[in-house]
Amino acid sequence: LAYHATAERVVVMLTDASYQNLYAYPIDVASNGTMPIGSQVTVDTGSNLEDGKLIYDPVNQYLIAIFRNNGVSKYATMSINAGAITVNALQNIGIGTITDTDFKYLQQTGQVGLAYLDGNNSSYPTAVIGTMSGTTVSWGTAQQVESSGTNPRIAQDNNGKIGYVIVESGGLAKGYAGTLT
């Protein structure tokens, strides 16, 4: 779920019951309270589509989705014109299998931040920053932030510093601050 401010649409992303199709639906929130649902667009097809997150980049006016398709981590960029969604780019992220994701637009730097458990590296909490270039995202180097933990989260303070929080087993939270590129 993300709000596209320029198009005045809430966009819902979901899979079908068999997890073989990932769809996005625009909902018109500026239509005098009726909120009609627009036409669905297929973001991706495959098997075992899961763990989807959707954000809005207000600078480039794109929706950016991350998800897994049969274990492969992917992203899509989408635009809205006259209420219709167009998928502009659909690519592999290239960082392996990710789970427990947190995906945010980082307002201070105009980038996107992704925190996740890295399935290719003993499920260690990891973070990576992406920068929009046209309709694609250029991903930086993924950085392991801790050797254990679950539920990684990412945020940015007003000075542009990136922060992450890892919830350890036993319910204790650890906080980390740093600069990711």
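Residues numbered from 1 in each chain as written. Predicted model: local features only at pLDDT ≥ 70, side-chain atom pairs only at ≥ 80, totals over all residues. Heavy atoms only, no water.

1. Description of the packing of aromatic side chains
Stated formally: Pairing of aromatic side chains here covers Phe, Tyr and the six-membered ring of Trp, requires ring centres within 6.5 Å, and sorts the geometry by plane angle: under 30 degrees stacked, over 60 edge-to-face, intermediate tilted. Secondary structure is summarised from DSSP: a helix means a run of H or I of at least four residues, a strand means a run of E of at least two, and numbering begins at the N terminus for each. Burial status follows relative accessibility: with a 1.4 Å probe on protein chains alone, a residue under 20% of its type maximum counts as buried, one over 50% as exposed, and anything between as partly exposed.
Tallied over the entire structure, the rule returns three aromatic pairs. Seen from their ring centres, F103 and W139 are 6.5 Å apart, and the 35° between their planes marks the pair as tilted. Residue F103 is found in strand β9 (residues 98–106), and its partner W139 is found in strand β12 (residues 136–139); the two are separated by 36 residues along the sequence. Pair check on accessibility: F103 and W139 agree, each one buried. Ring pairing ties together the aromatic residues Y75, F103 and W139, which thus form one cluster.

2. Re the pattern of salt bridges
Convention followed: Just to be clear on terms, a salt bridge is a Lys or Arg side-chain nitrogen sitting within 4 Å of an Asp or Glu carboxyl oxygen.
The full count for this structure, using the stated rule, is six salt bridges. With a closest N to O distance of 3.6 Å, R9 and D28 form a salt bridge. A residue pair is termed long-range when its members are at least 10 positions apart, and R9 in strand β2 (residues 9–15) and D28 in strand β3 (residues 21–28) qualify at 19 residues. Neither R9 nor D28 differs from the other in exposure class; each is buried. When the shortest N-O distance is used, the salt bridge between K104 and D102 registers 2.8 Å. Three or more residues are tied together by salt bridges with common partners; here these are E50, D51, K53 and R68.

3. Overview of the sheet that holds strand β4 (residues 41–45)
To keep it simple, the criterion reads: One requirement defines pairing of two strands: DSSP has to find at least two bridges between them. Note on geometry: axes are C-alpha line fits, over the in-contact stretch for helices, and angles between N-to-C directions span 0 to 180 degrees.
The sheet built from four strands is open, its strands ordered β1-β2-β3-β4 with antiparallel pairing. One side of each edge strand has no neighbouring strand; the edge strands of this open sheet are β1 (2–4) and β4. The mean angle between the axes of side-by-side strands here comes to 25°, regardless of whether they run parallel or antiparallel.

4. Points about the nonpolar core
To keep it simple, the criterion reads: Here, nonpolar core means buried Ala, Val, Leu, Ile, Met, Phe, Trp, Tyr and Cys residues that are tied together by side-chain atoms lying within 4.5 Å of each other. Any two residues whose heavy atoms approach within 4.5 Å are treated as being in contact.
Grouped together as the largest cluster of nonpolar side chains are 18 residues, with contacts concentrated most on L54, L63 and M78. Looking at this core, the elements with two or more residues in it are β2, β3, β4, β5 (49–57), β6 (62–69) and β7 (72–81). Among all residues touching M78, those that are not within four sequence positions of it are A24, V43, L54, Y62, L63, A65, I85, T86, V87 and N88. Within the second largest apolar cluster, 17 residues are counted, among which are I55, Y62, Y75 and I93.

5. Side note on the confidence of the model for the chain
Let me state the cut-off plainly: Known as pLDDT, the predictor's per-residue confidence is scaled from 0 to 100.
Mean pLDDT over the chain: 84, with 88% of residues reaching 70 or higher. At the low end of the mean pLDDT range in the chain sits strand β16 (residues 173–178), at 60; at the high end sits β4, at 95.

6. Here we look at a nonpolar patch on the surface
What counts is decided by this rule: Residues forming no salt bridge and having over 30% relative accessible area are the ones grouped into patches, like charges within 9 Å of each other and nonpolar side chains (Val, Leu, Ile, Met, Phe, Trp, Tyr) within 5 Å. Using the Shrake-Rupley algorithm and a 1.4 Å probe, accessible areas are obtained, with residue cover drawn only from the displayed protein chains.
Together, Y3, V29 and M35 make up a nonpolar patch on the protein surface, roughly 260 Å² of accessible area in all. In this fold, M35 is placed in the loop between β3 and β4. The exposure class assigned to M35 is partly exposed, which follows from its relative accessible area of 45%.

7. As for the sheet that holds strand β8 (residues 84–92)
Here four strands make up an open sheet; going across it, the order is β5-β6-β7-β8 and the pairing antiparallel. This sheet does not close on itself; its edge strands, each paired only once, are β5 and β8. Between one strand axis and the next, the sheet turns by 20° as a mean value, whatever way the strands run.

8. Here's the deal with unusual backbone geometry
Unlike most non-glycine residues, N48 shows phi in positive territory, near 60°. Phi at N70 takes a positive value of approximately 55°, unusual for a residue other than glycine. Tracing the backbone shows N70 in the loop between β6 and β7.

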